[in-house]
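Residues per chain are reported as follows:
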Amino acid sequence: MRLGCCSARWSSAPATSGSDLTPASGLPAVWCSPGLPASTANDALVLTGTIRWPTVIDNHNRSAHIGLGLLPSARGKGYGTDVVAVLCHYGFVVRGLQRLQIETLADNAAMLRSAERNGFVREGVLRSSAWVMGEFLDEVLLGLLVRDWKPTSKAYL
(Lines give C-alpha, C1' and ligand atoms only; values in the text may rest on other atoms or scores of the structure.)
Protein backbone atom coordinates (compact mmCIF):
# COMPACT_ATOMS: atom_id res chain seq x y z
CA MET A 1 0.00 0.00 0.00
CA ARG A 2 1.29 3.42 -0.93
CA LEU A 3 -0.21 6.47 0.73
CA GLY A 4 0.51 10.09 -0.01
CA CYS A 5 -0.95 13.48 0.70
CA CYS A 6 -0.52 17.22 0.22
CA SER A 7 1.58 17.31 -2.93
CA ALA A 8 3.33 14.12 -1.83
CA ARG A 9 4.94 15.74 1.18
CA TRP A 10 5.13 12.34 2.81
CA SER A 11 4.64 8.71 1.94
CA SER A 12 4.06 5.59 4.01
CA ALA A 13 6.98 3.85 2.34
CA PRO A 14 9.98 4.90 0.29
CA ALA A 15 9.85 4.43 -3.47
CA THR A 16 11.91 1.27 -3.13
CA SER A 17 11.59 -0.31 0.26
CA GLY A 18 14.44 -2.23 1.79
CA SER A 19 15.61 -3.44 5.16
CA ASP A 20 17.95 -0.46 5.47
CA LEU A 21 14.91 1.86 5.29
CA THR A 22 12.72 0.11 7.88
CA PRO A 23 12.54 1.88 11.26
CA ALA A 24 13.78 -0.13 14.22
CA SER A 25 10.29 -0.05 15.79
CA GLY A 26 8.87 -2.22 13.01
CA LEU A 27 5.90 0.18 12.69
CA PRO A 28 4.88 1.58 9.30
CA ALA A 29 7.10 4.55 8.58
CA VAL A 30 6.29 8.08 7.50
CA TRP A 31 8.85 9.24 4.95
CA CYS A 32 9.06 12.89 4.02
CA SER A 33 10.08 14.39 0.72
CA PRO A 34 9.17 18.09 1.06
CA GLY A 35 8.06 19.55 -2.26
CA LEU A 36 9.16 16.48 -4.21
CA PRO A 37 7.04 13.84 -5.97
CA ALA A 38 6.38 10.59 -4.10
CA SER A 39 8.56 8.70 -6.60
CA THR A 40 11.65 10.56 -5.42
CA ALA A 41 14.82 8.51 -5.03
CA ASN A 42 15.33 6.95 -1.59
CA ASP A 43 18.26 9.17 -0.66
CA ALA A 44 15.97 12.24 -0.82
CA LEU A 45 13.48 10.74 1.67
CA VAL A 46 13.75 11.44 5.37
CA LEU A 47 12.16 9.31 8.09
CA THR A 48 9.79 11.59 9.99
CA GLY A 49 7.83 9.20 12.20
CA THR A 50 5.60 6.16 12.44
CA ILE A 51 1.90 5.49 12.15
CA ARG A 52 -0.15 3.06 14.17
CA TRP A 53 -2.75 1.34 12.06
CA PRO A 54 -4.30 -1.50 13.99
CA THR A 55 -3.25 -5.03 13.25
CA VAL A 56 -6.72 -6.00 14.47
CA ILE A 57 -9.77 -4.13 13.23
CA ASP A 58 -13.06 -4.69 15.00
CA ASN A 59 -14.84 -6.08 11.94
CA HIS A 60 -18.14 -6.63 13.75
CA ASN A 61 -18.38 -2.97 14.80
CA ARG A 62 -16.34 -1.74 11.80
CA SER A 63 -14.07 0.40 13.96
CA ALA A 64 -10.36 0.91 14.53
CA HIS A 65 -7.93 2.89 16.69
CA ILE A 66 -5.30 4.99 14.92
CA GLY A 67 -2.22 6.87 16.07
CA LEU A 68 1.04 8.38 14.98
CA GLY A 69 4.36 9.56 16.30
CA LEU A 70 6.57 12.18 14.71
CA LEU A 71 10.25 12.76 15.31
CA PRO A 72 10.94 16.13 16.97
CA SER A 73 12.47 17.50 13.76
CA ALA A 74 9.21 16.81 11.86
CA ARG A 75 6.82 18.44 14.32
CA GLY A 76 5.02 21.71 13.65
CA LYS A 77 5.02 21.28 9.86
CA GLY A 78 1.50 19.93 9.37
CA TYR A 79 2.53 16.30 8.84
CA GLY A 80 0.39 15.08 11.75
CA THR A 81 -2.76 16.63 10.31
CA ASP A 82 -1.91 15.22 6.86
CA VAL A 83 -1.26 11.72 8.21
CA VAL A 84 -4.55 11.68 10.14
CA ALA A 85 -6.37 12.78 6.94
CA VAL A 86 -4.86 9.90 4.97
CA LEU A 87 -5.60 7.37 7.72
CA CYS A 88 -9.23 8.57 7.74
CA HIS A 89 -9.44 8.13 3.97
CA TYR A 90 -7.93 4.66 4.22
CA GLY A 91 -10.20 3.62 7.09
CA PHE A 92 -13.45 4.94 5.68
CA VAL A 93 -13.01 4.58 1.91
CA VAL A 94 -10.67 1.62 1.51
CA ARG A 95 -11.59 -0.46 4.58
CA GLY A 96 -15.26 0.58 4.83
CA LEU A 97 -15.08 1.36 8.54
CA GLN A 98 -17.83 3.16 10.41
CA ARG A 99 -15.72 4.65 13.23
CA LEU A 100 -12.13 5.68 13.94
CA GLN A 101 -10.81 6.42 17.40
CA ILE A 102 -7.74 8.15 18.85
CA GLU A 103 -6.49 8.20 22.43
CA THR A 104 -3.79 10.71 23.31
CA LEU A 105 -2.35 12.29 26.44
CA ALA A 106 -4.41 15.27 27.57
CA ASP A 107 -1.38 17.58 27.24
CA ASN A 108 -0.60 16.51 23.65
CA ALA A 109 -1.91 19.70 22.05
CA ALA A 110 -0.47 18.87 18.61
CA MET A 111 -2.29 15.52 18.34
CA LEU A 112 -5.51 17.02 19.66
CA ARG A 113 -5.26 19.78 17.02
CA SER A 114 -4.48 17.30 14.22
CA ALA A 115 -7.43 15.10 15.17
CA GLU A 116 -9.88 17.98 15.54
CA ARG A 117 -8.81 19.53 12.21
CA ASN A 118 -9.84 16.25 10.62
CA GLY A 119 -13.26 16.23 12.29
CA PHE A 120 -12.59 14.11 15.38
CA VAL A 121 -14.71 15.02 18.40
CA ARG A 122 -13.60 14.84 22.03
CA GLU A 123 -15.75 12.14 23.57
CA GLY A 124 -14.27 11.89 27.01
CA VAL A 125 -11.32 11.80 29.36
CA LEU A 126 -9.76 8.62 30.68
CA ARG A 127 -8.60 9.87 34.05
CA SER A 128 -5.15 8.76 35.22
CA SER A 129 -5.08 6.03 32.58
CA ALA A 130 -1.50 6.35 31.30
CA TRP A 131 1.63 5.70 33.37
CA VAL A 132 4.22 8.11 31.99
CA MET A 133 7.62 8.80 33.54
CA GLY A 134 6.57 7.91 37.07
CA GLU A 135 3.08 9.40 37.18
CA PHE A 136 -0.43 8.71 35.97
CA LEU A 137 -1.71 11.11 33.31
CA ASP A 138 -5.12 11.65 31.74
CA GLU A 139 -5.86 10.62 28.17
CA VAL A 140 -8.41 12.20 25.85
CA LEU A 141 -10.64 9.95 23.78
CA LEU A 142 -11.55 11.28 20.31
CA GLY A 143 -13.86 9.68 17.78
CA LEU A 144 -14.93 10.21 14.18
CA LEU A 145 -17.88 8.55 12.45
CA VAL A 146 -17.96 8.05 8.70
CA ARG A 147 -21.20 10.07 8.50
CA ASP A 148 -19.43 13.06 10.12
CA TRP A 149 -16.23 12.78 8.06
CA LYS A 150 -15.61 15.50 5.50
CA PRO A 151 -12.93 14.25 3.10
CA THR A 152 -10.36 16.76 1.97
CA SER A 153 -8.15 16.93 -1.06
CA LYS A 154 -5.21 16.26 1.30
CA ALA A 155 -6.05 12.57 1.46
CA TYR A 156 -5.62 10.42 -1.60
CA LEU A 157 -4.22 7.06 -2.55
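Residues numbered from 1 in each chain as written. Predicted model: local features only at pLDDT ≥ 70, side-chain atom pairs only at ≥ 80, totals over all residues. Heavy atoms only, no water.

A. Looking closely at the nonpolar core. Grouped together as the largest cluster of nonpolar side chains are 22 residues, with contacts concentrated most on Trp 53, Cys 88, Leu 100 and Phe 120. Of all elements in the fold, only helix H1 (79-94), strand S7 (99-105), helix H2 (109-117) and strand S9 (135-145) reach the threshold of two or more residues within this core. Of all the elements, H1 adds the most residues to this core, at six residues. When neighbours within four sequence positions are excluded, Trp 53 is seen to be in contact with Ile 66, Leu 87, Tyr 90, Gly 91, Arg 95, Leu 97 and Leu 100. (Core = buried A, V, L, I, M, F, W, Y, C linked by side-chain atoms within 4.5 Å. Buried < 20%, exposed > 50% of the residue type's maximum accessible area, 1.4 Å probe, protein only. Helix = DSSP H or I, 4+ residues; strand = E, 2+ residues; numbered from the N terminus. Contact = heavy atoms within 4.5 Å.)

B. Spotlight on the layout of surface pockets. Volume-wise, the largest pocket comes out at about 430 Å³. Put simply, the parts of the chain that give the lining of the largest pocket at least two residues each are strand S6 (67-70), H1, S7 and H2. Of all the elements, H2 adds the most residues to the lining of the largest pocket, at five residues. By residue class, the composition of the lining of the largest pocket is eight nonpolar, nine polar and six charged. (1 Å grid on protein atoms, 1.4 Å probe; cavity = no way out; pocket = protein on both sides within 12 Å on 5 of 7 lines; lining within 4 Å. Points joined across faces, edges and corners; volume = space filled by probe spheres on them. Nonpolar A, V, L, I, M, F, W, Y, C, P; charged D, E, K, R; others polar.)

C. Layout of the packing of H1 against H2. Taken N-terminus to C-terminus, the directions of H1 and H2 make an angle of 45°; their axes are 8 Å apart at the nearest point. With respect to each other, H1 and H2 are oriented oblique. Our pair here, H1 against H2, has a crossing hand that is right-handed. Along its contact with H1, which presents Gly 80, Thr 81 and Val 84, the element H2 presents Met 111, Ser 114 and Arg 117. Residues that form the contact of H1 with H2 fall into these classes: two nonpolar, three polar and one charged. (Axes fitted to C-alpha atoms, helices over the stretch in contact; angles between N-to-C directions. Parallel < 35°, antiparallel > 145°, perpendicular 65-115°, else oblique. Left-handed = near helix turned anticlockwise from the far one by under 90°.)

D. The arrangement of H2 in detail. Three or more residues of H2 are buried, namely Met 111, Leu 112, Ser 114 and Ala 115. Viewed end-on, H2 has its buried residues packed into an arc of 165°, placing them on one side of the element. Against the buried residues of H2 lie S6, H1, S7, strand S8 (121-132) and S9. A positive backbone phi angle near 100° is found at Gly 119, which sits one or two residues after H2. (Arc of directions from axis to C-beta.)

E. Focus on the pairing of S8. Sheet topology note: the S8/S9 ladder contains eight bridges and is antiparallel. Looking at the pairing, Leu 126 lines up with Glu 139 of S9. (Pairing = 2+ DSSP bridges.)

F. Representation of the environment of Arg 62. Within the element layout of this structure, Arg 62 appears in the loop between strand S4 (46-52) and strand S5 (63-65). The class for Arg 62 is partly exposed, based on a relative accessible area of 42%. Setting aside its immediate chain neighbours within four residues, Arg 62 contacts Gly 96, Leu 97, Gln 98 and Arg 99.

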